[in-house]
Protein chains: 2
Amino acid sequence: MTHLDVSNQFQFWRWLNQINARSTQPDRPGQTRLVYSPSWFAAQQALIDFGTAADLVTCVDDIGNVYLDYPGTDNQVIATGSHMDTVVNGGQFDGLYGILGGLQAIMNLKQRFGRPRHTLRLIAFSEEEGSRFNATFTGSKYYVRQEMPPTILTDINRIDFSTARQQAVKQLLKLPEVQHFQPNLPTSFTELHIEQGPRLMTQHATIGLVCGIVGQRRYSVDVIGATNHAGTTPMHLRHDALQSAITLITKLRLAAKALDSELTFTVGQLSVSPNVANVIPGRVTFSIDIRHDQSSILTQFEQQLHTLITERPDKAIKCHVQQWVNDLPVKLDARLLTMNRQITQDLGYPTTTLVSGAGHDSYILSQAVPTTMLFVPSVGGISHAPNEQTNPADLAAGIDVLTESLRRQAY
Amino acid sequence: MTHLDVSNQFQFWRWLNQINARSTQPDRPGQTRLVYSPSWFAAQQALIDFGTAADLVTCVDDIGNVYLDYPGTDNQVIATGSHMDTVVNGGQFDGLYGILGGLQAIMNLKQRFGRPRHTLRLIAFSEEEGSRFNATFTGSKYYVRQEMPPTILTDINRIDFSTARQQAVKQLLKLPEVQHFQPNLPTSFTELHIEQGPRLMTQHATIGLVCGIVGQRRYSVDVIGATNHAGTTPMHLRHDALQSAITLITKLRLAAKALDSELTFTVGQLSVSPNVANVIPGRVTFSIDIRHDQSSILTQFEQQLHTLITERPDKAIKCHVQQWVNDLPVKLDARLLTMNRQITQDLGYPTTTLVSGAGHDSYILSQAVPTTMLFVPSVGGISHAPNEQTNPADLAAGIDVLTESLRRQAY
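Residues numbered from 1 in each chain as written. Chains lettered and ligands numbered in written order. Predicted model: local features only at pLDDT ≥ 70, side-chain atom pairs only at ≥ 80, totals over all residues. Heavy atoms only, no water.

1. Examining the overall build of chain A
In terms of regular secondary structure, chain A is built from 11 helices and 19 strands. Taken over the C-alpha trace, chain A has a radius of gyration of 23 Å; the compact-globule value for 411 residues is 22 Å, and the two agree within 12%. Seen along its three principal axes, the alpha-carbon backbone of chain A occupies a region of about 80 × 45 × 35 Å. Classification of the 411 residues of chain A by burial places 62% in the buried group. (Helix = DSSP H or I, 4+ residues; strand = E, 2+ residues; numbered from the N terminus. Rg over C-alpha atoms; globule rule 2.2 N^0.38 Å. Buried < 20%, exposed > 50% of the residue type's maximum accessible area, 1.4 Å probe, protein only.)

Set out below in structure tokens:
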């Protein structure tokens, strides 16, 4: 069989640049496309324009997911896609590659084979990163369960989730040719994504065949001491929330290391109050993100976390922990994995089979429908950063494999 | 001799409440009166109103210091006062007590003894805390040296110092009866202030006689690592700026402790970038504040700081330190100290003699003119916090001693 001819009709790069241009700001590096923000809205709007220009049926649901359907002859649906949001100062491919690669794959099939048996559906999920509100995968969770996240959610500017959601969705529904309904679940879901890690590169693989996804838990820890004057309070009379938080984080990092070398432990967010040079901090809040493919390891860490926050030499320091993510490890669909492995062999791409260290929309979809994932290499394993990069040939290879995978499923 | 009768003509509380009401915000506890902010302007404006209502000669200089003169029969000047700015979420007495206590003392003398031999001058210095810009004592430094701080200073909102200064001063000079000039230096300066520490309380002293002020140095430390994905980057391949900063701060705290038990070491400000739960921090910036009454101890710590930032196991982490405060320890005027000690004995107030752990405007004034300080107790030693408190009887006692001290100097 022959590779996809990318010399013509390869619109992927034009689409990518148009959308990323809308989420680049002069004063901050990389892409910042937080859910329901102006740059996010501009991106979903652009995608809808691409879809309607290609005669796809366009629809938006109440959480802001965008669906582009190329209708088939029966009522089964073969879906692909990823998320439209990014982290703060993120890269140009995380999420967006799966959306525009999926659109390119559907365009390739439309051009070469015409109307499919099963409907081909591209999905741009509204949110996956949890970078604006303390909730993740809200787009894909809504699609499979029709559940809204808790209404109390607010961002750092105290804007609440539902207000932001309603305004953004209302604007999207004003666009021409956009329908408003909740599409049925697909027969299968295939997600194309960058690896965001170093393994494909180190193993010289072009395509990563994903057999499962790690479980992850996130916590918010509050350390409350006593604000006081930095010059007049003797060291032994202080209740310094930052120094207590530092001691706690150090113990937690050592506990994670001792537990399992594959367990990842990250404190990505830390804020100090009042955060002034000559004032002893009275309060510190920080996040914990832990991931592993075995729930038992995550549970053991969580037990140690609860033990360590109660072990405080200074009883005047109060400490609270709140969990806001608890996602179990999952296995992806075996049949689709075998099919994709066969495709990569037929097309002659070197592959590796791996567990994903990152959560993905596939994590949620796999709980409802047969789901599979394809990875392409990330240069230097760098992601969630402005210098996130993938070689153009690898991006084309991923779209090539996805195109053939969707063809075998939908025709 | 008799105590000040505070039963009538005691306007201090009315003034205090009027000014603090202007720097209280519904969404944040305590007083926030950052230099040149709307609440700061409202406070200086209110003080000018109090002064003109009392027939004092009112003048503002180019940095926003407010001077209220009760003219004497010769051209010598006896000055008192303190600073009008606060820290973020500060208390109601830090700085403001010395201004309104000083105004009350001058009103007491005006009412009982009329025109003095030497001019009595109340000074409300524009800024002392360094809470908005990375510069401290800009008000008193300008008065004694007529020097502006470096023009490159900007606040967290990127507003630069000189723009903020010029706008605020321009507005103050529009007020009726406000003159615009740079007053001459006084013959002496007496500052009334809350202790902001626990020593007067623990020693059951009503008045603290301050013999000197500690030296202090402040630094800003930048730790630069590599931003990356929290799930897909193995622990051993990370360059986590926050974990490196935590290790460095822990070593610094232990170094300070080993050096001298009287050395204070505070990290009051710490910011993480990009500060998102699922992203490994790429950059951390934090402040260091150290204080001691011996320069040699501060210098030894500084040497260890420079050694420790170069000792990094992970060479991919870059670390920079910048010093932005270097104030030497000072001794205050011995003659005025002796006179104040005599006054407290004559009035029967229990006292203690101490070195101030906080910098004060007196620190700057003492380098130009004979300077003395009077402390009153801080309940629980708490300051730079919303629950900063001093007993009303102690506040009255401080004003009583200041009134007599100014009388002996000016009449």
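2. What about the domain arrangement of chain A?
Residue and element names in this part refer to chain A. With domains assigned, chain A is organised as domain 1 (9-213 + 329-410) and domain 2 (215-327). Taking the mean C-alpha position of each, domain 1 and domain 2 sit 34 Å from one another. Taken together, the 13 residues of domain 1 in the interface contact 11 residues of domain 2. Surface buried jointly by domain 1 and domain 2 totals about 880 Å² across both partners, of which 51% is contributed by carbon and sulfur atoms. It is N134, T136 and P329 in domain 1 that bury the most area against domain 2; as a group they hold 50% of the surface buried on that side. Inspection of the region where domain 1 meets domain 2 yields 0 salt bridges. (Domains from an automatic or database assignment. Contact = heavy atoms within 4.5 Å. Buried area = accessible area lost by both parts, 1.4 Å probe. Salt bridge = Lys/Arg side-chain N within 4 Å of Asp/Glu carboxyl O.)

3. Quick notes on the pairing of strand β15 (residues 283-292) of chain B
Residues and elements named next belong to chain B. In terms of burial, β15 is largely enclosed, as 8 of its 10 residues are buried. Sheet topology places strand β10 (residues 215-224) next to β15; 10 bridges connect them, and they run antiparallel. For Y219, the partnering residue across the bridge sits in β15 and is I288. Bridge count between strand β12 (residues 264-266) and β15: 3 bridges; the pairing is antiparallel. Looking at the pairing, T264 lines up with R291 of β15. Two strands pair when backbone bridges link them, and strand β13 (residues 270-273) and β15 are joined in this way by 4 bridges, in the antiparallel orientation. Bridged to V272 within β15 is V284. (Pairing = 2+ DSSP bridges.)

4. Remarks on the interface of chain B and chain A
Each side of the interface is counted separately: chain B has 56 residues, and chain A has 57 residues. Of the roughly 4,700 Å² buried between chain B and chain A on both sides combined, carbon and sulfur atoms contribute 55%. Applying the counting criterion to the chain B and chain A interface returns 0 salt bridges. Applying the counting criterion to the chain B and chain A interface returns 24 residue pairs in polar contact (both at pLDDT 80 or more). Listing elements by their share of the side of chain B that touches chain A, those giving two or more residues are β11 (228-229), α7 (241-259), β12, β13, β14 (279-280) and β15 of chain B. Of the residues that constitute the side of chain B that touches chain A, the class distribution is 25 nonpolar, 23 polar and 8 charged. (Polar contact = N/O pair within 3.5 Å; in protein donor to acceptor, adjacent residues only side chain to side chain. Nonpolar A, V, L, I, M, F, W, Y, C, P; charged D, E, K, R; others polar.)

5. A short note on the UniProt feature "domain: Peptidase M20 dimerisation" (unreviewed entry) in chain A
Under the local residue numbering, the UniProt record ascribes the feature "domain: Peptidase M20 dimerisation" (unreviewed entry) to residues 215-312 of chain A. Across residues 215-312 of chain A, helical content stands at 36% and strand content at 32%; the span's end C-alpha atoms are separated by 29 Å. (UniProt positions renumbered as here; feature names shortened; annotations may be inferred.)

6. Re the pattern of salt bridges
Pairs can form between side chains of opposite charge whenever their charged atoms are close. Considering all chains together, one arrives at 21 salt bridges over all chains under this definition. The partner of R145 of chain A in a salt bridge is E147 of chain A, with the nearest N and O atoms 4.0 Å apart. Residue R145 of chain A is classed as partly exposed on the basis of its relative accessible area, which comes to 36%. Among the ionic pairs, D155 of chain B bridges to R132 of chain B, the shortest N-O distance being 3.0 Å. Here R132 of chain B lies in the loop between β6 (119-125) and α4 (138-145) and D155 of chain B lies in the loop between α4 and α5 (161-173), a separation of 23 residues in the sequence. Within the structure, one salt-bridge network assembled from shared partners comprises D346, E404, R407 and R408 of chain A.

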